[in-house]
Amino acid sequence: MKTNVKDIISIKYGDWEALVCARLGGNVIALSHCGKDVLVPLVDEAQLKVNPYLQGSPILFPANRTNFAKFTFEGKDYTLPLNEDWSQCHIHGFVHTRPFTLVEQKENEVTLKLVYDKIDEGFPFMCEVWVTYTLDDKGFTQSYEIKNIDKTNLPVVFCMHTTFVEPERFVLPIIMHQERVDGRATGKYKQLNLQEQTYVTGSASKGVNVDGYYLAYGRETIVGDYLYSVSEEFDHWVLYNGRGQGGFICIEPQAGMVNGLNEPAPKGHRVVAPGKSIEFSATISYNK
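Attention here is on the structure that accompanies the text. Positions within a chain are numbered from 1, following the residues in the order the chain's sequence is written. Given that the model is predicted, a residue must reach a pLDDT of at least 70 before its local features are reported, and side-chain atom pairs must reach 80 or more before they are shown or counted; all residues, however, enter totals for whole chains, interfaces and linings. Processing note: side-chain calculations cover all non-hydrogen atoms of the structure and skip hydrogens and water entirely.

1. Remarks on unusual backbone geometry
Okay, step 1: With an omega of -10 degrees, the peptide bond running from F61 to P62 counts as cis.
Okay, step 2: Across the junction of A265 and P266, the peptide omega takes the value 0 degrees, indicating a cis bond.
Okay, step 3: Every helix listed is a DSSP run of H or I at least four residues long, and every strand listed is a run of E at least two residues long, numbered separately from the N terminus. Turning to its location among the elements, P266 is positioned in the loop between β24 (248-255) and β25 (270-272).
Okay, step 4: Backbone geometry places N64, a non-glycine residue, at a positive phi of 60 degrees.
Okay, step 5: For N259, which is not a glycine, the phi torsion comes out positive at approximately 60 degrees.
Okay, step 6: Positionally, N259 belongs in the loop between β24 and β25.

Given below as structure tokens:
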């Protein structure tokens, strides 16, 4: 894997290799198997100026869109930066922009940590975000822990913007789509349309506009030659592929609904008490 990104950490095991950049939100900026890119790699940091979410697997917290960049939690109102003008939403949180600290590195594993203690961005909740990336016989595993180090409860909507190189076929276990109007989630679920029903049985991505928020009924998706398995905390999937013209498909496991900070717990968001943690994991494995 070739990259012009500085400060990368390489981990290897068998036919697998991953490149991680702690400085860039703790992102795994490249993942390859048998010399073939599995995730879209970040080759140059200039790509981040075009779109910071379409390389590797950026960590989204608080995840996805918050309508009108406002939410209420436990009787208190909060205002996030409005950073998506067309939808009038806050999108994707702050963690993917923050530098992580290297905690431990092995040949096939790396652990990073972020202490989130900013109180001036509309999300004034102190927490630690831990991430461990591991390569082994199973493939590539992403493990995350969000620990509440504050004195108040912590609302959590969590997602990885996992950007796969476009496969010939993908299969996704979804049962309903989350309705949206003008890009904003309404909180209602609707039946899958005819195109979305093909995602469940198997669909092409190239040339097909794949874009939506979905309620999960399973936690394993097939992406070409790979199986993407996620932990039980993930109850939604988000899909996006740049209208089928970008050479990628984002298959994003999400814990909580889109606009989940404005929806009741636990379906909308999780609540983590002071001193407690919530954990998530996902594994990409070869499926042949």
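2. Some remarks on the packing of aromatic side chains
Okay, step 1: Classification of ring pairs uses Phe, Tyr and Trp, with its six-membered ring standing for Trp, and accepts pairs whose centres are within 6.5 Å; under 30 degrees between planes counts as stacked, over 60 as edge-to-face, and the remaining range as tilted. One pass over the structure, following the stated rule, counts 21 aromatic pairs.
Okay, step 2: Within the aromatic cluster, the residues linked to one another by ring pairs are F61, F71, F73, Y78, F94, Y116, F123 and F125.
Okay, step 3: Above the face of the Y213 ring, R180 is positioned so that its terminal group lies 4.8 Å from the ring centre. Two conditions define a charge sitting above a ring: the NZ of Lys or the CZ of Arg must be within 6 Å of the ring centre, and it must be within 35 degrees of the ring normal.

3. Notes on the sheet that holds strand β10 (residues 101-105)
The pairing of strands in a sheet happens through backbone hydrogen bonds and is either parallel or antiparallel.
Okay, step 1: The criterion for strand pairing is that DSSP finds at least two bridges linking the strands in question. Taken in spatial order, the eight strands make up an open sheet running β10-β11-β12-β13-β26-β22-β21-β17, and their pairing is antiparallel. Whereas interior strands pair on both sides, the edge strands pair on one side only; in this sheet they are β10 and β17 (170-171).
Okay, step 2: Summarising the sheet, strand β21 (residues 220-223) and strand β22 (residues 226-230) pair through four bridges and their orientation is antiparallel. Pairing of T221 across the sheet is with Y228, part of β22.

4. Concerning the sheet that holds strand β1 (residues 9-13)
Okay, step 1: Pairing in this open sheet of four strands is antiparallel, and the strands run β1-β2-β3-β4 from one edge to the other. Pairing within the sheet leaves two strands with one partner each, and these edge strands are β1 and β4 (36-37).

5. A closer look at the environment of T134
Okay, step 1: With respect to the helices and strands, the residue T134 is situated in strand β12 (residues 127-136).
Okay, step 2: For every residue, the accessible area (1.4 Å probe, protein chains only) is compared with the maximum for its type, and the residue is labelled buried under 20%, exposed over 50%, or partly exposed between those bounds. A relative accessible area of 12% places T134 in the buried class.
Okay, step 3: Considering only alpha carbons, one finds T134 and S10, 124 residues apart in sequence, at a separation of 11 Å.
Okay, step 4: Apart from the residues within four sequence positions on either side, T134 is in contact with N108, E109, G139, F140 and T141.
Okay, step 5: Under the rule applied, a polar contact is a pair of N or O atoms within 3.5 Å (in protein, one hydrogen donor and one hydrogen acceptor; residues adjacent in sequence only if both atoms are side-chain atoms). Only 2.7 Å separates the side chain of T134 from the side chain of E109, close enough to count as a polar contact. Contacts are assigned to residue pairs with any non-hydrogen atoms lying within 4.5 Å of each other.

6. Comments concerning the side chain of H161
Okay, step 1: By the element assignment, H161 lies in the loop between β15 (158-160) and β16 (163-165).
Okay, step 2: Residue H161 is classed as buried on the basis of its relative accessible area, which comes to 5%.
Okay, step 3: Polar contacts involving the side chain of H161 include one to the main-chain carbonyl oxygen of Y53, which spans 3.1 Å.
Okay, step 4: Engagement of the side chain of H161 in a polar contact is seen with the side chain of E252, the distance being 3.4 Å.
Okay, step 5: Among residues more than four places away in sequence, those in contact with H161 are Y53, L54, G56, S57, P58, L60, H92, C250 and E252.

7. Thoughts on the pattern of salt bridges
Pairing between side chains of opposite charge can happen when their charged atoms approach one another.
Okay, step 1: Here, a salt bridge means any Lys or Arg side-chain nitrogen found within 4 Å of an Asp or Glu carboxyl oxygen. This structure, assessed with the given rule, holds twelve salt bridges.
Okay, step 2: Two residues, K106 and E109, come together in a salt bridge whose shortest N-O distance is 3.8 Å.
Okay, step 3: As a salt-bridge pair, K288 and D225 come within 3.3 Å of each other at their nearest N and O atoms. One end of the pair, K288, is in the segment after β26 (277-286); the other, D225, is in the loop between β21 and β22, with 63 residues separating them in the sequence.
Okay, step 4: Accessibility expressed as a relative area gives 72% for K288, which makes it exposed.
Okay, step 5: For D225, a relative accessible area of 23% corresponds to the partly exposed category.
Okay, step 6: A network of salt bridges, in which partner residues are shared, links D7, R23 and E45.

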